[in-house]
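Fold and contact review
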Amino acid sequence: MAAVGGKHYKKIVKATGVETVGDLLGIFPRRYVRKGSLSELEELREGDLLSLVGEIVSSVQKSYQDKRTRRTAYRLEVRVRAEDGSLSLTYFDRQKHTADWRAAELAKGRVGLFSGRLKWFNNNWQLTNPDSRMYGAAAEDAYASMPDLIPIYSSAAAVNTWQLEETIATALDLVTDVPDVLPPTVRETEDLIDVAQALRWIHRPDNFGQKTRAADRLKYDEAFVTQTLLAQRRAAIEATVANPRPGAAGGILDRFDQRLPFALTDGQRSVGEEIAGELGRGHPMHRLLQGEVGSGKTVVALRAMLQVVDSGGQAALLAPTEVLAQQHQRSITAMLGDLALGGLLGGAEGGTRVALLTGSLNAAARRQALAEAAGGEAGIVIGTHALLEERVQFADLGLVVVDEQHRFGVEQRAALSAKAGRPPHVLVMTATPIPRTVAMTVFGDLDASTLSELPAGRGDVQTTVVPIQARPEWLERAWQRVREEVAEGRQAYVVCARIDPDDEREEQGEGRPPLRAVEELAPELAAGPLAGLRVDTLHGRMAPEDKDKVMQSFAAGEVDVLVSTTVIEVGVDVPNATVMVILDADRFGVSQLHQLRGRIGRGGHSGLCLLVSAIDPASTSMERLLAVAGTRDGFELSRIDLEQRREGNVLGIEQSGGRSGLKLLSVLRDEDVIARARAAATAHLASDPALSGSPALARATRRLEDSEQAEYLEMT
Ligand code: ADP
Ligand code: MG
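Residues numbered from 1 in each chain as written. Chains lettered and ligands numbered in written order. Predicted model: local features only at pLDDT ≥ 70, side-chain atom pairs only at ≥ 80, totals over all residues. Heavy atoms only, no water.

Looking at the overall build of the protein
Per the secondary structure count, the protein includes 25 helices and 21 strands. The burial tally for the protein puts 53% of its 716 residues in the buried class. A separation threshold of at least 6 residues defines the contact pool for the protein, and within that pool the share at least 24 residues apart is 74%. (Helix = DSSP H or I, 4+ residues; strand = E, 2+ residues; numbered from the N terminus. Buried < 20%, exposed > 50% of the residue type's maximum accessible area, 1.4 Å probe, protein only. Contact = heavy atoms within 4.5 Å.)

Overview of the sheet that holds strand β21 (residues 607-613)
A sheet is described by the order of its strands in space; here 6 strands give the open sequence β16-β21-β20-β17-β19-β18, paired in parallel fashion. Pairing within the sheet leaves two strands with one partner each, and these edge strands are β16 (461-467) and β18 (535-538). Strand-to-strand twist in this sheet, taken as the mean axis angle between neighbours without regard to direction, amounts to 20 degrees. Lying over the sheet, helix α17 (residues 518-527) contacts β17 (491-495), β18 and β19 (561-564), oriented at roughly 155 degrees with respect to β19. Packing of helix α19 (residues 590-597) onto the sheet brings it into contact with β16, β17, β20 (577-582) and β21, and relative to β20 it is tilted by some 150 degrees. (Pairing = 2+ DSSP bridges. Axes fitted to C-alpha atoms, helices over the stretch in contact; angles between N-to-C directions.)

Quick notes on the nonpolar core
Judged by nonpolar contacts, the single largest core of 39 residues is most densely connected at Met 305, Leu 336, Ile 380 and Leu 399. With 9 residues, helix α11 (residues 297-310) is the single largest residue contributor to this core. Sequence-distant contacts of Met 305, that is, excluding residues within four places in its chain, are made with Ala 315, Leu 317, Ile 332, Ile 380, Leu 399 and Val 401. Among the nonpolar cores identified, the runner-up in size contains 33 residues, and Ile 568, Ala 577, Leu 593 and Leu 625 belong to it. (Core = buried A, V, L, I, M, F, W, Y, C linked by side-chain atoms within 4.5 Å.)

What about the packing of helix α7 (residues 195-203) against helix α8 (residues 208-239)?
Two numbers describe how α7 lies on α8: the axes approach to 8 Å, and their chain directions differ by 125 degrees. With respect to α8, the axis of α7 lies oblique. Every pair of crossing elements has a handedness; the one defined by α7 and α8 is left-handed. Contact residues: Val 195, Ala 198, Leu 199, Trp 201 and Ile 202 in α7; Gln 210, Lys 211, Arg 213, Ala 214, Ala 215, Arg 217, Leu 218 and Asp 221 in α8. When the residues that make up the contact of α7 with α8 are grouped by side-chain class, the tally is 8 nonpolar, 1 polar and 4 charged. (Parallel < 35°, antiparallel > 145°, perpendicular 65-115°, else oblique. Left-handed = near helix turned anticlockwise from the far one by under 90°. Nonpolar A, V, L, I, M, F, W, Y, C, P; charged D, E, K, R; others polar.)

Let's talk about the packing of aromatic side chains
The tally for this structure, following the rule as stated, stands at 5 aromatic pairs. Between Tyr 64 and Phe 92, the ring centres sit 6.4 Å apart and the planes meet at 85 degrees, which makes this aromatic pair edge-to-face. Note that Tyr 64 is positioned in strand β2 (residues 49-65) and Phe 92 in strand β4 (residues 85-93), a separation of 28 residues in sequence. By relative accessible area, Tyr 64 is classed as partly exposed at 26%. Centre to centre, the rings of Trp 120 and Trp 125 are 5.0 Å apart; their planes meet at 65 degrees, and the pair counts as edge-to-face. (Phe/Tyr/Trp six-rings, centres within 6.5 Å; stacked < 30°, edge-to-face > 60°.)

Considerations on the site of ligand 1
As a matter of local geometry, ligand 1 sits amid 16 residues, with Gly 294, Lys 297, Thr 298, Arg 458 and Asp 573 nearest to it. One of the backbone N or O atoms of Ala 263 is found 2.9 Å from a nitrogen atom in ligand 1. At 2.8 Å, a side-chain N or O of Lys 297 approaches an oxygen atom of ligand 1. Coverage of ligand 1 by the protein amounts to 85% of the 570 Å² it exposes when considered alone. For the shell around ligand 1, a count of residues per class yields 5 nonpolar, 6 polar and 5 charged. (Near = heavy atom within 4 Å. Polar contact = N/O pair within 3.5 Å; in protein donor to acceptor, adjacent residues only side chain to side chain. Areas by Shrake-Rupley, 256 points an atom, 1.4 Å probe, with all protein chains shown as cover.)

With respect to the confidence of the model for the protein
Predicted confidence across the protein gives a mean pLDDT of 84, with 86% of residues reaching 70 or more. Between residues 708-716, whose pLDDT stays under 50, and residues either more than four places distant or in other chains, the model counts 34 contacts. (pLDDT = per-residue confidence, 0-100.)

Quick word on the pattern of salt bridges
As enumerated under the stated definition, the model contains 36 salt bridges in all. The partner of Glu 165 in a salt bridge is Arg 133, and the shortest N-O contact between them spans 3.1 Å. Separated by 32 residues along the polypeptide, Glu 165 in helix α5 (residues 161-174) and Arg 133 in strand β7 (residues 131-134) bring together distant segments of the chain. Exposure class is identical for Glu 165 and Arg 133. Each is buried. One salt-bridge network, in which partners are shared between bridges, spans Arg 477, Arg 481, Glu 484 and Glu 485. (Salt bridge = Lys/Arg side-chain N within 4 Å of Asp/Glu carboxyl O.)

Let's talk about the pairing of β18
Looking at chain direction, β18 and β19 are connected through 4 bridges and run parallel. For Val 535, the partnering residue across the bridge sits in β19 and is Val 561. Taking the sense of rotation as the criterion, the β-α-β connection linking β18, helix α18 (residues 544-555) and β19 turns out right-handed. (Right-handed = clockwise from strand over helix to strand, strands pointing away.)

Some thoughts on the sheet that holds strand β10 (residues 314-318)
With parallel pairing, the 7 strands of this open sheet are ordered in space as β11-β12-β10-β13-β14-β9-β15. Every other strand in the sheet has two partners, leaving β11 (353-357) and β15 (447-451) as the edge strands with one partner each. Geometrically, the sheet is characterised by an average inter-axis angle of 20 degrees between neighbouring strands, direction not taken into account. Pairing of strand β13 (residues 397-402) with strand β14 (residues 425-430) involves 4 bridges; the strand directions are parallel. If you follow Val 402 over to β14, its bridge partner there is Val 428. Packed onto the sheet, α11 meets β9 (286-291), β10, β12 (378-383), β13, β14 and β15 and runs at close to 170 degrees relative to β13. The strands touched by helix α13 (residues 363-375) within the sheet are β10, β11 and β12, with β11 carrying the most contacts at an inclination of about 130 degrees.

A look at unusual backbone geometry
Most of the time, phi is negative for any residue but glycine, and the peptide bond is trans. With a phi close to 65 degrees, Asn 123 is a non-glycine residue in the positive phi region. Considering the arrangement of structural elements, one finds Asn 123 in the loop between β5 (111-121) and β6 (124-128). Located in the positive-phi region is Leu 691, a residue other than glycine, with phi close to 55 degrees.

A word on the side chain of Ser 88
Locating Ser 88 in the fold gives a position in strand β4. Residue class for Ser 88 comes out buried when judged on its relative accessible area of 17%. Engagement of the side chain of Ser 88 in a polar contact is seen with the side chain of Arg 79, the distance being 2.5 Å. When sequence neighbours within four positions are dropped, the list of residues in contact with Ser 88 reads Val 78, Arg 79, Trp 125, Gln 126 and Leu 127.

Remarks on the packing of helix α12 (residues 322-336) against α18
Their axes nearest at 10 Å, the elements α12 and α18 cross at an angle of 50 degrees. Classified by the angle between their axes, α12 and α18 sit oblique to one another. The interaxial crossing formed by α12 with α18 has right-handed handedness. Counting all contacts with α12, which are made through Glu 322, Val 323, Gln 326 and Arg 330, the residues of α18 involved are Pro 544, Lys 547, Asp 548, Met 551 and Gln 552.

Comments concerning α18
For the α-helix, the turn length of 3.6 residues means that residues three or four positions removed from each other point alike. Under the 1.5 Å per step criterion, the end-to-end length of α18 is 16 Å for 12 residues, consistent within 8% with the ideal 16 Å. As for α18, its buried residues are in contact with α12, β17, β18, β19 and β20. One or two positions beyond α18, positive phi appears at Gly 557, with a value near 80 degrees. (Expected span 1.5 Å × (residues − 1).)

Quick word on the environment of Gln 480
As for its position among the elements, Gln 480 is in helix α16 (residues 473-487). With 50 residues separating them in the primary sequence, Gln 480 and Leu 530 have C-alpha atoms 8.1 Å apart.

Description of the environment of Glu 46
Structurally, Glu 46 can be placed in the loop between β1 (31-34) and β2. Residues Glu 46 and Arg 117, spaced 71 residues apart in sequence, show a C-alpha to C-alpha distance of 7.5 Å. If near-sequence neighbours (up to four positions away) are discounted, Glu 46 is found in contact with Leu 118, Lys 119, Trp 120 and Trp 125.

Below, the structure is given as structure tokens:
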């Protein structure tokens, strides 16, 4: 880096963490401004970054009394005209001399480049204190001498886009030999430009065509490096030895199958066979089981666990919440019947035991569960994070099942796997379907199975948005529907965004009614619209044993209406519940709403989900609710969800730009690039397993491995 020099490099190193010239050149522009254009304003929203080039057509300094400091402060109001419109800029200064300097710098008639975040103020778009770079004196000349496309870099705390641009330009001139991660044959087949050219064009394109060619090349590099790393991992798994768990004919699994009260769906059967085959191999299974809400993943997992038990091993089931762990323990124990009473009076011969380990157990229960896990009496150990504690030991842990994967981090899964003598088999279940591309990138070393059909006889779930700003009377109708369902013997969930009315007042935003809270709404409903019904509450702040009690009485049908927070979001299974009213539904994400809705319509009865929201019916959040109401296809919804979140968050990383990672590649949009790179990387690795002929690629994969992102790629 020092070789690059330039007056900003120290600051840049500090702000972005770049270590090499390569890192520096890897900070790609976030966007490009076309000289004179403001047309994108139409598509932008408050808070977005806007950059424009134009001439200052007015510039007025005003002084005012600062309310906080009670001193005179200065405001410079500038109007900049681009070719297709104009925009206001406002600068605030405390000191007279800086204010005057700024007024001179941003004088009428000058041409500059301005970059800042958009704000809607006094019915107008404006930029407050934007970064600016001014050009030479005469407006005409200055304008003519600027390039048509100006790169805009994200400004890290202490460095702005121009400082980055200057330093990167210097580096580009110095660099002659850019390491190439692509094998020449791949580059040829893909018809990609030379990497040095690509770097030059991504930073200083003459036109958008060059920028696109450059991005295509660099994007492919990202995909190729990622896929090479994942191919290495798959190869490593193939080379790892695990204890085969082939099961035993006539064992507990066979007996379980005989007493199963329903027929497995085709999906459950075929995925089950896949898993059974893999458990029997001498390499660890790493499988992702994704399935629609209610598609019956638990039975698939349980059958895998029983196969491991039949092979003399144990299985651990990791659940994200206490409620879910308890529910799993209850339902699995119930499904097993006397097969779960191994070694006990009345137990079936050759049965096993199911232990539950959660944070809220009393000392005696915990001691017993720990002993059963360590001694091997419990073939199945179910628990929350408590399972990960050091003192939890297994006699022979052969399979780790992680339910609802998105709640668990990599370290936690690794901690559990570390309790096994040899690497255990791993089954990760997720109810949030993952688009194929994300699966290929993020979960590239997991094989994925999908349960797409729901068991037969499931009722339909109809979802309706209740826009109470436009239709306040519909809310009363919603409560009436709840009463009707209860009169039919069914049960209902009412979901709130908050527990306590006093929580997070300030967070609610202006201009909307306060969010409804469990502790306030429940008594209100019981005294009003749902008078006479048995209403109870459930939320995360209750003591675990109270939560469990409430869930049990709801499951037993002793409670008609459960007013709760999203603690019921995941996995809760009460087939008799048919209505769900979600208040302030705009407060929840798409996948979350889909998960919540998955709690109803689980029995034979059809369900009704009402998304109540007081937001403006024309807002984008309302569109989101309508999307949820419009489809029950979890894949479709998870795509919508991912699109709405920032791409960086898909991978769980901030796009800091300094480190290697995915900068140009979009796991949502670049499906074909990822698929091609995956095939090419797998083939290349097969021909050169140690990458000895591709030193740059070897370095890049090692770096990726080391970087934060690698944690995410691991996911096993
Ligand atoms: P999820 O995939 O959302 O975790 P569960 O495993 O909780 O779904 O299953 C939902 C419900 O469907 C459970 O009550 C389960 O017993 C039941 N179920 C699972 N498989 C079948 C099947 N093949 N036929 C009928 N019901 C089934
Ligand atoms: Mg489940």
